[in-house]
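Chain residues, written in single-letter form:
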Amino acid sequence: MSASGGTRAIVAALGANLAIAASKFVAFAFSGSSSMLAEGVHSLADSGNQFLLLVGGKKAQREATPQHPFGYGRERYIYAFLVSIVLFSVGGMFAIYEGYEKIRHPHELEHWYWPVGVLVFAILAEGYSFRTAIRESNQLRGKLSWSQFIRRAKAPELPVVLLEDFGALIGLVLALGGVGLALLTGDGVWDGIGTVCIGVLLVSIALVLAAETKSLLLGESAGLEEVRKIEAAVVDGHTVTGIIHMRTLHLGPEELLVAAKIAVQHDDTAGEVAAAINAAEARIREAVPIARVIYLEPDIYSETEAARGADRDATPGGPTPHATGH
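Residues numbered from 1 in each chain as written. Predicted model: local features only at pLDDT ≥ 70, side-chain atom pairs only at ≥ 80, totals over all residues. Heavy atoms only, no water.

## Some points on the overall build of the protein chain
- The secondary structure content of the protein chain amounts to ten helices and three strands.
- Along the protein chain, from the amino end to the carboxyl end, the secondary structure elements read α-α-α-α-α-α-α-α-β-β-α-β-α.
- Of all 326 residues assigned to the protein chain, the portion counted as buried reaches 47%.
- Taking as baseline every contact in the protein chain between residues at least 6 positions apart, the subset at least 24 positions apart corresponds to 74%.
- Carbon and sulfur atoms make up 64% of the accessible area of the protein chain, which amounts to about 15,400 Å² in all. (Helix = DSSP H or I, 4+ residues; strand = E, 2+ residues; numbered from the N terminus. Buried < 20%, exposed > 50% of the residue type's maximum accessible area, 1.4 Å probe, protein only. Contact = heavy atoms within 4.5 Å. Areas by Shrake-Rupley, 256 points an atom, 1.4 Å probe, with all protein chains shown as cover.)

## Topic: a nonpolar patch on the surface
- On the surface, a cluster of nonpolar side chains totalling about 570 Å² of accessible area is made up of Val26, Phe30, Trp112, Tyr113, Trp114 and Leu183.
- For the nonpolar patch, the elements supplying multiple residues, two or more each, are helix H1 (2–31) and helix H4 (113–141).
- Mapped onto the secondary structure, Leu183 falls in helix H6 (residues 157–185). (Patch = residues over 30% accessible without salt bridge, like charges linked within 9 Å, V, L, I, M, F, W, Y side chains within 5 Å. Salt bridge = Lys/Arg side-chain N within 4 Å of Asp/Glu carboxyl O.)

## Some remarks on the packing of H4 against H6
- Viewed as axis vectors pointing N to C, H4 and H6 meet at an angle of 160°, and their least axial separation amounts to 9 Å. Classed by the angle they form, the pair H4 and H6 counts as roughly antiparallel. Note on packing geometry: the crossing formed by H4 with H6 is left-handed.
- The residue inventory of the contact of H4 with H6, partitioned by class, reads 20 nonpolar, three polar and three charged. (Axes fitted to C-alpha atoms, helices over the stretch in contact; angles between N-to-C directions. Parallel < 35°, antiparallel > 145°, perpendicular 65-115°, else oblique. Left-handed = near helix turned anticlockwise from the far one by under 90°. Nonpolar A, V, L, I, M, F, W, Y, C, P; charged D, E, K, R; others polar.)

## Regarding empty space enclosed by the protein
- Enumeration according to the criterion identifies one cavity of 30 Å³ or more in this entry.
- Taken as a whole, the largest cavity encloses approximately 90 Å³ of empty space.
- Around the largest cavity, the lining residues are Ile150, Arg151, Ala153, Ala155, Pro156, Pro159, Val160, Leu209, Glu212, Thr213, Leu216 and Glu220.
- Elements that contribute at least two residues to the lining of the largest cavity include exactly helix H5 (146–152), H6 and helix H7 (189–218). (1 Å grid on protein atoms, 1.4 Å probe; cavity = no way out; pocket = protein on both sides within 12 Å on 5 of 7 lines; lining within 4 Å. Points joined across faces, edges and corners; volume = space filled by probe spheres on them.)

## What about the pattern of salt bridges?
- If you walk through the whole model with that rule in mind, you get ten salt bridges.
- Here Glu157 makes a salt bridge to Arg76, at a shortest N to O gap of 2.8 Å. Highlighted residues: Glu157 in helix H6 and Arg76 in helix H3 (residues 75–104), separated in sequence by 81 residues.
- Classification of Glu157 by relative accessible area gives buried; the value is 6%.

## Regarding the confidence of the model for the protein chain
- Mean pLDDT over the protein chain: 82, with 90% of residues reaching 70 or higher.
- Note that pLDDT drops below 50 for residues 314–326; the model gives that stretch 41 contacts with residues more than four away or on any other chain. (pLDDT = per-residue confidence, 0-100.)

## A word on the pairing of strand S2 (residues 255–264)
- Within S2, nine of the ten residues are buried, which leaves the element mostly enclosed by the surrounding structure.
- Where strand S1 (residues 240–252) and S2 come together, ten bridges link them in antiparallel fashion. By the bridge assignment for S2, Val240 is matched with Val264.
- Counted between consecutive antiparallel strands, the loop separating S1 from S2 contains two residues.
- At this point the chain moves from S2, through helix H9 (residues 270–287), to the parallel strand S3 (residues 291–299), and the crossover so formed is right-handed. (Pairing = 2+ DSSP bridges. Right-handed = clockwise from strand over helix to strand, strands pointing away.)

## Topic: the packing of H6 against H7
- One can describe the packing of H6 onto H7 by two numbers: an axis separation of 7 Å at closest approach and a directional angle of 170°. One way to sum up the angle between H6 and H7 is to call them roughly antiparallel.
- Residues belonging to the contact of H6 with H7 are distributed by class as follows: 16 nonpolar, five polar and one charged.

Structure follows, in structure tokens:
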């Protein structure tokens, strides 16, 4: 669902941004507005960003190879990180530079109806794209707030499109304010000030995106709800009596690695333990379908080993850390 929903949101944003970029450059050519030029470059950068997200999604579907045995799921994180870099450099820094130059050398706007008309059209188009991203995101975020959804989402496409569209709408309002004040006062400095504000906004969004995608690239664990489902699925109360310790890692947005040391009875036979492990793996995959790579190591739980210290990694017989420690 997250992959298909993300693709729909990306395609909607790509179509909107290409149309908006063309209209903004036409408005800049007729009016000379630096806000229009900055917004045109912003929309062009956004279009490139959506193209990068589509490429990343396509590359992530490649089959695993001996050199990359866990597949290419993290390609989506890499391309999302590239998006933040493009948004920062091409969109944000260019807008700040262009606004600074316009403040230093202001000139009166010509054919004011071009930028105003384009900005109104752009707000409508970006609003449609933002509405699509919100609708697709609502299918995944559940009871999470929007800030929690952006921080916790494992699929990067929807948070990226949401932040880009939100930033674009705010940027359009800033551009409209800059152009409007320049027309009312006859002072082109206001157009430059609006452009600088757009640049600062884009840089801020790019930094948020970079921080979130960096966390995904480093490797994030499963969510709290998924961890609880896995814990409940592992233990059968007979052969598998508990979890000594467990680690989870997202190999991609829809692929999860589960590694756990499980407690078994000391008098179980090898055949019984092997059958219990196979059954536990089947229960995990049924409870959490994205858990595709599972490693379960049997061990005998020891109260003596558990009492040696709090370092669970150094005491294999110790108890499992709770959900936040996976």
